[in-house]
Amino acid sequence: MQNKGLIKLFALLFGLVSIYQLSYTFITNKVENEAEVFAASRISESEEDYVSKREALEASYLDSIGSNPIFGYTNYDEAKKKELNKGLDLKGGINVTLQISVKDILKGLANNTKNPIFNKALADADAASKNSDDTYIDLFFEAFDNIKGDTKLASPDIFANKGLSDEINFQMSDDEVKPIIRTKIDESVVSAFEVLRERIDGFGVTQPNIQREGNSGRILVELPGARDIARAQDLLSSTAQLEFWETYKQSNPSFSTFLIQANEKLKDIVKVDEPEPVKEESELDSLLSDVSTDSLDLATQVNPLFELLVPANPGTNAMFRAAIKDTAKIGEYLRMPEIRRLLPADIQFTKFVWERPASEDTEVIDLYALKSNRDGTPRISGDVVSDARADFDQFSKPAVSMTMNTKGAKEWEKLTGDAYTNQTGIAIVLDNKVYTAPGVSSGPISGGRSEITGNFTVNETKDISNVLRAGKLPASAEIIQSEIVGPSLGQEAIDSGFMSFLIAMAIVLLWMITYYGKAGAFADIALLLNILLIFGVLTSLNAVLTLPGIAGIVLTIGMSVDANVLIFERIKEELAKGKGKSQAVSDGFGNALSSILDANITTGLTALILFVFGSGPIKGFATTLLIGILTSLFTAIFITRLLVDWYLSGKGRTLDFSTALTKGLFKNMNINFLGKRKIAYVISVILVGVGLFSLFFGNGLQQGVDFIGGRSYTVRFEQPVSPSEIASELNTVFGSGTNVKTYGESNQIKITTPYKVDVEGIEVDNEIQDKLFTSLQKYLPDGITKQAFSVGSDDKSIGILQSVKVGPTIADDIKNNAFLAILGSLAVVFLYILLRFRRWQFSLGAVVAVFHDVLIVLGVFSILGKIMPFNMEIDQAFIAAILTVIGYSLNDTVVVFDRIREIVGERGWKAGENINAAVNSTLGRTLNTSLTTLIVLLAIFIFGGESLRGFMFAMIVGVIVGTYSSVFIATPIMYDALSKKITSGIK
């Protein structure tokens, strides 16, 4: 081998750099463990809310020592930025895909026009977007073109308005306007991206990730380690629409008149059940009991509004009060056109807005009546705020202090003057919730300074000031996909992933020594260096390590052994020919190189496609697999060679590449594989046929929420529970379609429901969690609160451990991407094998074998889907498994084909005799690699955690079937396609 000195230097430097990069991770882990011990020593478990207190103390400890030097070259704060990033499934946190509403942007660009053609086109685009992969703007333009008649996009009441007058005039054609609108939409999405990035920077999460997804208007946000999930969701989806309104006085008689008339009208419109007697006294019961003392004496009647609304407390600027559970129904009533028409002329444009609940335990909130106008615009908007900061009010309670620009200061002075004159209040409304509505007691306020007060925590005032400074989003942002992982589940994933890693590593290391003796020990050293390099590269690239990523590394252990096995088997063949040790080693490495490269390139191509089409943890799997392929090639080809050459250079040293147990194993094999191909065809046809029957006429496949949309929750209880019993109860709450099954241990279940899958918004997420908590409460420990039950609340082991939401639109996109990924990988590999082997028959054999393997895996999942005691849903992880099976199957097939090409090139076809010889010569390598990989996969399957079991099961089936197909399907198909030429003696 040439340039040994250069390779040694490169390997040394590569290893040192990897150790250096990983040192930051070791440092942060050490310091954080010290912080955890410190917090535990100061706060005992007997204290109330000890978990959050310990977290706060840990954070304080880390802040205090963050800049202290460590080992003379770094400190904690610096090391934290350079440590190995852990993904959501290892650290807990939240991952969301936000859809910026292009519809809102279009309406804003059109100045909220009332043009019927424009609004009809928006409605048509809304309907079309549910069943189309096209972007919203394309659907809007298509809808507009279909109905526009003589109307133009450049009409003065659409886009040729004052706001766009510098770029669009009424003489422009639609084709001239469209690119301008596309640019404006892209600018708005970029603006939303920047606003979200500023908000996230102020959230306080280390290593956040935010990125745009093409031109779809989607933004991916990952916040690993985020504990306060509700806070994170509010921060991301809040538009930060700040408004200032003047309130009506409580004494305004028009509202009493309206309420009486509305109540009477609703008696004819809605059916109201007789109220049930109240059993326990609470704030809510106290509120409802006030109805009996009302001067109208309507308590004994059925009254849609009077049973839900009561007058607000005197002295406030609110108009009514109601129970939070009734706010949706009251809002529905008040929005009815026939009810709105009952508003007297002096209050006909009233805007009704609920106050922001003070806490999760609040049962009753106020309803404010705000002075509005025909267009529903506020007196002052939030765009006049020039600065905002977290502060404390005169009573030392957290508040938000705001400063307005010159224009805002003038409007603020006029608004406060009007409120003082009218003896009304000023409602400060953020995202359609009243945060505070103080009165003005000392005349107009100049200078443009104002304050938002309320029952805030310090974190809430930080978040509000953060979003106000960052600015409002240019359009609403809906969470169309989310994954929330609790910290306890993340720690369990680390433990199980690490366990599977150690076990797989130990098995492989022992096996190599058992099978190849001293040579196996050299391969083990190369393998250990390979693992170090993988982690070093991951850290250097700032890549994220996920649980599937750990699976990718563990799989790399199995696959990297393949290169050493190929080399050692070729060296044994050269030794059997009588060559000397040095020459045999040189020829063995040289002859194995083409097979190693071909096998790794085909696997790498499928991993690359997986990286392009995958997302989140699946992309992490592809990343580690790609890195592992490159590092394993380097260590197997160069490091193992250096070690072998070094050992053989010593006097009197021998290296047999086998042990007493394995010497002569698989030697002189002479199986007539081609002669048995018809039996193999029959077996395969039966297996594929049974699978296809089950797919189309039997159980079919259990599609996960990734592909059909919906929400899933992983819930753990103290005691074992009955999935069928819980499913029966939840189906009465959520309607049919809710699926419940055991997920791992008998006290853990996975709940999947399509309930309100088409409805976006945090309100629906909260509603479903409320219903889950109520329905499952009897299975939970006594006294558990909804907050403790909710995902991500603390390090608990009871309640919701993980939740996933996928909207139907993005589910279609995921499904399409999966389909494209599989087809793309097959096409790329077909072309590569065609170019590499120069005969389409080789490509045909490989692709047929791959189709055979995929169909059998799908059939197994269809037949066993409802039998196996672990999750076998078809989701993104399953697609990753299928693509890996494709890569592995091709890896094996290419090695066999490479040997066929070599032997046939030397000896000719001889009616298939030399094909059999080639397959027999690779049998040792094939079985050795397959067995090693299978043991590794079994280690992950058993010890790698519940979330990986279905993923690993698919790969286990794939490895077994792939090994079979490379010998009994790919090779015979290639041979049969060439049979006429072979019998004619053509090489």
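Quantities reported herein were computed from a predicted structural model and do not represent experimental measurements.

Caption draft 1: Representation of the pattern of salt bridges. Enumeration over the complete set of coordinates arrives at 34 salt bridges. The shortest N-O distance in the salt bridge between Glu-246 and Arg-379 comes to 3.5 Å. Of this pair, Glu-246 sits in strand 7 (residues 242-246) while Arg-379 sits in the loop between strand 11 (364-370) and strand 12 (380-381), and the two are 133 residues apart along the sequence. Note that Arg-570 is salt-bridged to Glu-902, the shortest N-O span being 2.8 Å. Remark: Glu-902 occurs in helix 28 (residues 876-907) and Arg-570 occurs in helix 18 (residues 547-576); sequence separation between them is 332 residues. A relative accessible area of 26% means that Glu-902 is categorised as partly exposed.

Caption draft 2: The arrangement of the packing of helix 27 (residues 840-864) against helix 28 in detail. Where helix 27 meets helix 28, the closest approach of the two axes is 10 Å, and the angle between their N-to-C directions is 145°. In the packing of helix 27 onto helix 28, the handedness of the crossing is right-handed. Here helix 27 contributes Phe-842, Ala-846, Val-850, Asp-853, Val-854, Val-857, Leu-858 and Phe-861 to the contact with helix 28, which in turn contributes Phe-878, Ile-882, Val-885, Ile-886, Ser-889, Leu-890, Thr-893 and Phe-897. Residues of the contact of helix 27 with helix 28, tallied by class, amount to 13 nonpolar, two polar and one charged.

Caption draft 3: Up close: unusual backbone geometry. In this structure, Phe-71 takes a positive phi of about 60° despite not being glycine. For Phe-71, a relative accessible area of 64% puts it in the exposed group. If you check the backbone angles, Phe-657 has positive phi at about 60° while not being a glycine. Mapped onto the elements of the fold, Phe-657 is located in the loop between helix 20 (617-648) and helix 21 (677-697). With a relative accessible area of 1%, Phe-657 lands in the buried category.

Caption draft 4: Structural detail: the side chain of Thr-113. Residue placement: Thr-113 occurs in the loop between helix 5 (102-109) and helix 6 (116-129). In this structure the side chain of Thr-113 is engaged in a polar contact, spanning 2.5 Å, whose partner is the backbone oxygen of Asp-157.

Caption draft 5: Geometry of the pairing of strand 23 (residues 799-806). Among the eight residues that make up strand 23, eight are buried, leaving the element largely enclosed by the rest of the structure. The pairing of strand 20 (residues 710-716) with strand 23 spans seven bridges and is classified as antiparallel. Residue pairing in the sheet places Arg-716 in a bridge with Gly-799 of strand 23.

Caption draft 6: Just the sheet that holds strand 7, in detail. One open sheet holds the four strands; their spatial order is 12-7-15-16, and the pairing between them is antiparallel. One side of each edge strand has no neighbouring strand; the edge strands of this open sheet are strand 12 and strand 16 (433-436). Of the strand pairs in this sheet, strand 7 and strand 15 (residues 426-430) are connected by five bridges, and their pairing is antiparallel. Opposite Phe-244, over in strand 15, you have Ile-428 as the bridge partner. Along the sheet face, helix 14 (residues 406-422) touches strand 7, strand 12 and strand 15 and points at about 35° away from the line of strand 7.

Caption draft 7: Just the packing of helix 21 against helix 27, in detail. Interaxial distance between helix 21 and helix 27 falls to 8 Å at its minimum, and their mutual angle equals 50°. The angle between helix 21 and helix 27 falls in the class oblique. Helix-helix and strand crossings are classified by hand; for helix 21 and helix 27 the assignment is left-handed. Judged by residue contacts, Ser-684, Leu-687, Val-688, Val-690, Gly-691, Leu-692, Ser-694 and Leu-695 of helix 21 engage His-852, Leu-855, Ile-856, Leu-858, Gly-859, Ser-862 and Ile-863 from helix 27. In the contact of helix 21 with helix 27, the residues fall into nine nonpolar, six polar and no charged.

Caption draft 8: Local environment of the sheet that holds strand 6 (residues 218-224). Read from one edge to the other, the open sheet built from eight strands follows the order 5-6-4-18-23-20-22-21, with strand pairing classed as antiparallel. Two strands in the sheet have a free side with no partner beyond their single neighbour: strand 5 (209-213) and strand 21 (739-743). On average, each strand axis in the sheet is inclined to that of its neighbour by 20°, with strand direction left out of account. Direction of pairing for strand 21 relative to strand 22 (residues 745-753): antiparallel, over a ladder of five bridges. From the neighbouring strand, Asn-739 faces strand 22, where its bridge partner is Thr-752. Together, strand 18 (477-485), strand 20, strand 22 and strand 23 form the strand contacts of helix 24 (residues 762-776), whose direction differs from that of strand 20 by roughly 40°.

Caption draft 9: Helix 14, seen in detail. With 17 residues, helix 14 should reach 24 Å at 1.5 Å per residue; the first-to-last C-alpha distance of 25 Å fits that figure. All of the buried residues in helix 14 are Gly-408, Ala-409, Trp-412, Leu-415, Thr-416, Gly-417 and Ala-419. Gln-423 occupies a position one or two residues after helix 14 and carries a positive phi of about 55°.

Caption draft 10: Structural view of the packing of aromatic side chains. As enumerated under the stated definition, the model contains 30 aromatic pairs in all. Seen in terms of ring centroids, Phe-118 and Phe-140 are 5.5 Å apart; in terms of plane orientation they differ by 70°. Their pairing is edge-to-face. On the criterion of sequence distance, the pair formed by Phe-118 in helix 6 and Phe-140 in helix 7 (residues 136-147) is long-range, its members being 22 residues apart. Each member of the pair, Phe-118 as well as Phe-140, is classed as buried. Geometrically, the ring pair formed by Tyr-248 and Phe-255 is edge-to-face, given 5.3 Å between the ring centres and 65° between the ring planes. Judged by relative accessible area, Tyr-248 falls into the buried class, the value being 9%. Ring pairing ties together the aromatic residues Phe-118, Phe-140, Phe-141, Phe-144 and Phe-159, which thus form one cluster. The ring of Phe-589 carries Arg-641 above its face, with NZ or CZ at 5.0 Å from the centroid.

Caption draft 11: Structural view of a negative patch on the surface. Taken together, Asp-104, Asp-234, Glu-478 and Glu-763 make up a surface patch of like negative charges. With respect to the helices and strands, Asp-234 occurs in helix 9 (residues 229-237). Owing to a relative accessible area of 44%, Asp-234 belongs among the partly exposed residues under this scheme.

Caption draft 12: Inspection of helix 10 (residues 253-269) at higher detail. Helix length check: helix 10, at 17 residues, gives a terminal C-alpha distance of 25 Å against a target of 24 Å (1.5 Å per residue), a fit within 8%. Within helix 10 the residues assigned to the buried category are Ser-254, Phe-255, Phe-258, Leu-259, Ala-262, Asn-263 and Leu-266. Down the axis of helix 10, the smallest arc covering the buried residues is 160°, so these residues share one side. Opposite the packed face of helix 10, turned more than 90 degrees from it, sit the exposed residues Pro-253 and Asp-268. For helix 10, the elements touching its buried residues are strand 9 (320-323), helix 12 (327-335), helix 13 (337-340), strand 10 (351-354) and strand 11.

Caption draft 13: Quick peek at the nonpolar core. Residues Phe-568, Ile-833, Phe-878, Ile-886, Ile-900, Phe-951 and Met-952 are the most contacted members of the largest nonpolar core, which totals 141 residues. Here Phe-951 is in contact with Ala-551, Phe-621, Ala-877, Ala-880 and Ala-881, once residues within four sequence places are set aside. By size, the runner-up hydrophobic cluster in this structure holds 49 residues, among which are Val-102, Leu-109, Leu-196 and Ala-226.

Caption draft 14: Spotlight on a nonpolar patch on the surface. On the surface, Leu-608, Phe-611, Val-612, Phe-613, Phe-819, Leu-820 and Leu-823 cluster together into a nonpolar patch covering about 630 Å² of accessible area. At the level of elements, helix 19 (581-613) and helix 26 (808-837) are the ones that each hand at least two residues to the nonpolar patch. Here the nonpolar patch takes four residues from helix 19, the largest share from any one element.

Caption draft 15: Examining the confidence of the model for the protein chain more closely. Per-residue pLDDT for the protein chain averages 80, and the proportion of residues at 70 or more is 89%. For residues 273-281, every residue scores under 50 in pLDDT, and the model assigns this stretch five contacts once sequence neighbours within four places are set aside.

Caption draft 16: Inspection of the environment of Ala-160 at higher detail. By the secondary structure assignment, Ala-160 is in the loop between helix 7 and helix 8 (174-201). Judged by its relative accessible area of 16%, Ala-160 falls in the buried class. Contact partners of Ala-160, with chain neighbours within four places excluded, come to Leu-153, Ala-154, Ser-155, Ile-168, Asn-169 and Phe-170.

Caption draft 17: The environment of Thr-421, seen in detail. Note on placement: Thr-421 falls in helix 14. With a relative accessible area of 60%, Thr-421 lands in the exposed category.

Caption draft 18: Expanded view of the environment of Asn-68. Summarising the element assignment, Asn-68 is placed in the loop between helix 2 (50-65) and strand 1 (69-70). Judged by relative accessible area, Asn-68 falls into the partly exposed class, the value being 35%. Ignoring any residue separated from it by four or fewer positions in sequence, one finds Asn-68 in contact with Thr-74, Asn-75 and Tyr-76.

Caption draft 19: Representation of the pairing of strand 16 in the model. Across three bridges, strand 15 lies against strand 16 in antiparallel orientation. Looking across to strand 16, one finds that Val-429 is bridged to Val-434.

The rules behind these values
Residues numbered from 1 in each chain as written. Predicted model: local features only at pLDDT ≥ 70, side-chain atom pairs only at ≥ 80, totals over all residues. Heavy atoms only, no water. Salt bridge = Lys/Arg side-chain N within 4 Å of Asp/Glu carboxyl O. Helix = DSSP H or I, 4+ residues; strand = E, 2+ residues; numbered from the N terminus. Buried < 20%, exposed > 50% of the residue type's maximum accessible area, 1.4 Å probe, protein only. Axes fitted to C-alpha atoms, helices over the stretch in contact; angles between N-to-C directions. Left-handed = near helix turned anticlockwise from the far one by under 90°. Contact = heavy atoms within 4.5 Å. Nonpolar A, V, L, I, M, F, W, Y, C, P; charged D, E, K, R; others polar. Polar contact = N/O pair within 3.5 Å; in protein donor to acceptor, adjacent residues only side chain to side chain. Pairing = 2+ DSSP bridges. Parallel < 35°, antiparallel > 145°, perpendicular 65-115°, else oblique. Expected span 1.5 Å × (residues − 1). Phe/Tyr/Trp six-rings, centres within 6.5 Å; stacked < 30°, edge-to-face > 60°. Lys NZ or Arg CZ within 6 Å of the ring centre and 35° of its normal. Patch = residues over 30% accessible without salt bridge, like charges linked within 9 Å, V, L, I, M, F, W, Y side chains within 5 Å. Areas by Shrake-Rupley, 256 points an atom, 1.4 Å probe, with all protein chains shown as cover. Lys, Arg positive; Asp, Glu negative; His and termini not counted. Charge placed at Lys NZ, Arg CZ, Asp CG, Glu CD. Arc of directions from axis to C-beta. Core = buried A, V, L, I, M, F, W, Y, C linked by side-chain atoms within 4.5 Å. pLDDT = per-residue confidence, 0-100.

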